[in-house]
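# Commentary on secondary and tertiary structure
Here's the letter readout for the chains.
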Amino acid sequence: MKPFAQKANDPIEAEALRLLRSLMHVECSADRKWNIETCREIAPLTLEINQLKQEKNAVILTHSYVEPEVIYGVGDFKGDSYYLADKARQAKADVIVFAGVVFMAETAKILSPETLVVVPDRDSGCSLADSINGEDVRNMKALYPDAAVVCYINCTAEVKAESDVCVTSSNVYDIVAGLPERRILFVPDRLMADNIRKEMTKRGVDKEIISSDGTCLVHEEFSAEQIAEARRTFPGLKIVAHPECTSEVAGLSDFLGSTGEMMNYVKSTNAPYYLMLTECGLVGRLAIEDPEKNFIGGCRLCPYMKMNTLLKIRDALANPQPEQVITLNEELRQRAAHCIERMFELAT
Ligand code: 13P
Ligand code: SF4
């Protein structure tokens, strides 16, 4: 192994050291943590991407589930869906690279139509967003014409265009509770709809929630048995879950919230152990930003979020292919923008 302390004048060595400061706390492959050698391997690429960002006046938005070398190596903003949508809306850049999944990049394009928005991998879908289309929503609306249509942000622009208001996991309960309509058509997450029903009952708010049948392939898998086993093994453990989990899991957890709120909860509490019922990328972010905390295993991987590699990001920036560029019909974009802007109004 090359010594590294005296080589920091070399830009690649300096970049490897910068990367190492964040990445040393997390794994780069099964059972192997990032070290100076592995950081040296990616340093030329992160330098190239950061240089390209300057040349093209680009920003890289990174969801907390993507790989840490992306978030900490080249990302400009990192966070949950609400935070990233807000950053896209305010972006002054000529180019946004969205390292997340396609519905998030579409949301960025809806809010920032003059900006070139690109995705590293067009196949980075989402089991929720892929579960329903615009026609399905129109059919539901025909059955319940008096209902307000609330879409979880994990849906396509086409579904947003059919909706009255958009929500994210950080504002869903307050927005639904505050709507004047009693009957709500909630798409596309059936499990989140269950959690909304429970929360409305808890708050004493009378709402009828009708939902479609989508689920998140990551969060639907967490179970009451997993929680019981973890609590037996780790006394004092705190269970931190996302509202895409089943209502049984949500009810057994100590905290339920968006990925941003989950991070804040862990950082502001002091428990001997945490079980994070969400995608493993969030655990990686916490291991980097709060290395004293202990996380027991049990998180799961979202295959779509993991499609965002440094190489694909470099290519999307240097020479985006047509399939990497988000384009939307202008009339549809305007209708979709309306429901997201309503979310921003109601969430503040
Ligand atoms: P957050 O908005 O809480 O980050 O959730 C996004 C998501 O896709 C969770 O699976
Ligand atoms: Fe979609 Fe679930 Fe992946 Fe989030 S974790 S992007 S909801 S499939």
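First things first, this report covers the structure right here in the doc. As the structure is a prediction and not an experimental result, all values here were calculated from the model. (Residues numbered from 1 in each chain as written. Chains lettered and ligands numbered in written order. Predicted model: local features only at pLDDT ≥ 70, side-chain atom pairs only at ≥ 80, totals over all residues. Heavy atoms only, no water.)

Below, the discussion takes up the site of ligand 2. By nearness alone, every residue bordering ligand 2 is listed as Tyr65, Cys126, Ser127, Leu128, Asn154, Cys216, Val218, Glu244, Cys302 and Met305. Broken down by class, the residue content of the shell around ligand 2 amounts to 7 nonpolar, 2 polar and 1 charged. (Near = heavy atom within 4 Å. Nonpolar A, V, L, I, M, F, W, Y, C, P; charged D, E, K, R; others polar.)

Residue placement: Arg333 occurs in helix 15 (residues 330–347). Within polar-contact distance, the side chain of Arg333 engages the side chain of Glu330 at 2.9 Å. In contact with Arg333, other than residues within four places in its own chain, are Lys109, Ile110, Pro113 and Leu328. (Helix = DSSP H or I, 4+ residues; strand = E, 2+ residues; numbered from the N terminus. Polar contact = N/O pair within 3.5 Å; in protein donor to acceptor, adjacent residues only side chain to side chain. Contact = heavy atoms within 4.5 Å.)

This brings us to the environment of Arg342. Looking at the secondary structure, you find Arg342 in helix 15. Expressed as a C-alpha distance, the spacing of Arg342 and Lys92, which sit 250 residues apart in the sequence, is 22 Å. Not counting chain neighbours up to four residues away, the residues in contact with Arg342 comprise Asp164, Val165 and Leu179.

Counting 122 residues, the largest nonpolar core has Phe186, Ile196, Met276 and Leu277 as the members making the most contacts within it. Once residues within four sequence positions are removed from consideration, Met276 is found in contact with Val240, Met262, Val266, Leu282, Val283, Leu286, Phe295, Gly298 and Cys299. (Core = buried A, V, L, I, M, F, W, Y, C linked by side-chain atoms within 4.5 Å. Buried < 20%, exposed > 50% of the residue type's maximum accessible area, 1.4 Å probe, protein only.)

If you trace the 4 strands from one edge of the open sheet to the other, you get 8-7-9-10, paired in parallel fashion. In this open sheet, the two edge strands, each paired with only one partner strand, are strand 8 (165–167) and strand 10 (208–211). Across the sheet, the axes of successive neighbouring strands diverge by a mean angle of 30°, strand direction being ignored. Alignment of strand 7 (residues 148–152) against strand 9 (residues 183–187), held across 4 bridges, turns out to be parallel. Bridge pairing in strand 9 places Cys151 opposite Val187. Lying on the sheet, helix 6 (residues 134–143) is in contact with strand 7, strand 9 and strand 10; it crosses strand 9 at an angle near 165°. (Pairing = 2+ DSSP bridges. Axes fitted to C-alpha atoms, helices over the stretch in contact; angles between N-to-C directions.)

Once that is clear, we can look at the pairing of strand 7. Summarising burial for strand 7: 5 of the 5 residues are buried, a large majority. Side chains of strand 7 alternate between two faces, with Ala148, Val150 and Tyr152 and Val149 and Cys151 buried alike.

Our focus in this paragraph is the state of the cysteines. The final tally for this structure, using the stated rule, is 1 disulfide. Through a disulfide, Cys280 is tied to Cys299; the S-S separation comes to 2.2 Å. Its S-S torsion of approximately 105° makes the covalent link between Cys280 and Cys299 right-handed. Linking Cys280 in helix 13 (residues 280–289) with Cys299 in the loop between helix 13 and helix 14 (310–318), this pair joins segments that are 19 residues apart in sequence. With relative accessibility at 24%, the residue Cys299 sits in the partly exposed group. The thiol sulfur of Cys39 is not disulfide-bonded, and the nearest other cysteine sulfur, from Cys28, lies at 8.1 Å. (Disulfide = S-S within 2.5 Å.)

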